[in-house]
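Summary of structural features
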Amino acid sequence: MELIRDLLDKQVVDRQQTKIGKVDGIIMQLRRGEPPRIVFVEIGAIALARRLGPRVGYWVSRIARRLGGEKSRKPYRIPWNKVRDIGVDIEFDIDVQNTTIFDWQDWLREKIICRIPGA
């Protein structure tokens, strides 16, 4: 498997085929005398910003924490053992309604969008 080609930036869906984002980061475990293994995939703007550099990742993390609290300062991690299928989309055996993945969108909708006339 080519990790970058087959995983990074691919669409992620939950068990109901709800689009929940794209793979923005891959967390691997290094083991002495054995090949590395994928443990988590990360979803979110913070993981994406880290790919642009540590300074950008730091600032995006600070902004997210300031707007959404301490729980918002880290990207959402999905355990690799929750993978159901890797195809055009990567399907995980999770229910997005039981996660914090859409918290940022919900916050935007409640605090900003609903105040725009006609929205």
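Residues numbered from 1 in each chain as written. Predicted model: local features only at pLDDT ≥ 70, side-chain atom pairs only at ≥ 80, totals over all residues. Heavy atoms only, no water.

**Side note on the sheet that holds strand β3 (residues 25-31)**
Pairing between the strands of a sheet comes from backbone hydrogen bonds, and it takes one of two forms, parallel or antiparallel. A sheet is described by the order of its strands in space; here three strands give the open sequence β3-β4-β5, paired in antiparallel fashion. Bordering the open sheet on either side are β3 and β5 (76-79), each of which pairs with just one other strand. With direction set aside, neighbouring strand axes in the sheet form an average angle of 35°. Two elements, strand β4 (residues 34-43) and β5, share four bridges in a ladder whose sense is antiparallel. For V41, the partnering residue across the bridge sits in β5 and is I78. (Pairing = 2+ DSSP bridges. Helix = DSSP H or I, 4+ residues; strand = E, 2+ residues; numbered from the N terminus. Axes fitted to C-alpha atoms, helices over the stretch in contact; angles between N-to-C directions.)

**Focus: the environment of K22**
By secondary structure assignment, the location of K22 is in strand β2 (residues 19-22). Along the sequence, K22 and D9 sit 13 residues apart, while their C-alpha atoms lie 5.2 Å from each other.

**Focus: the pattern of salt bridges**
A full pass over the atoms with the stated rule returns eight salt bridges. Close ionic contact of D9 with R51 constitutes a salt bridge, the shortest N to O distance being 2.9 Å. Of this pair, D9 sits in the loop between α1 (3-6) and β1 (11-13) while R51 is found in helix α2 (residues 45-52), placing the two residues 42 residues apart along the sequence. The exposure class of R51 is partly exposed, given its relative accessible area of 39%. In this structure, E42 and R77 form a salt bridge, with 2.9 Å as the shortest nitrogen-oxygen distance. Placement of E42 in strand β4 and of R77 in strand β5 is noted, with a sequence separation of 35 residues between them. On the basis of relative accessible area, E42 is assigned to the buried category, the value being 4%. When salt bridges with common partners are traced through the structure, they connect E42, R50 and R77 into a single cluster. (Salt bridge = Lys/Arg side-chain N within 4 Å of Asp/Glu carboxyl O. Buried < 20%, exposed > 50% of the residue type's maximum accessible area, 1.4 Å probe, protein only.)

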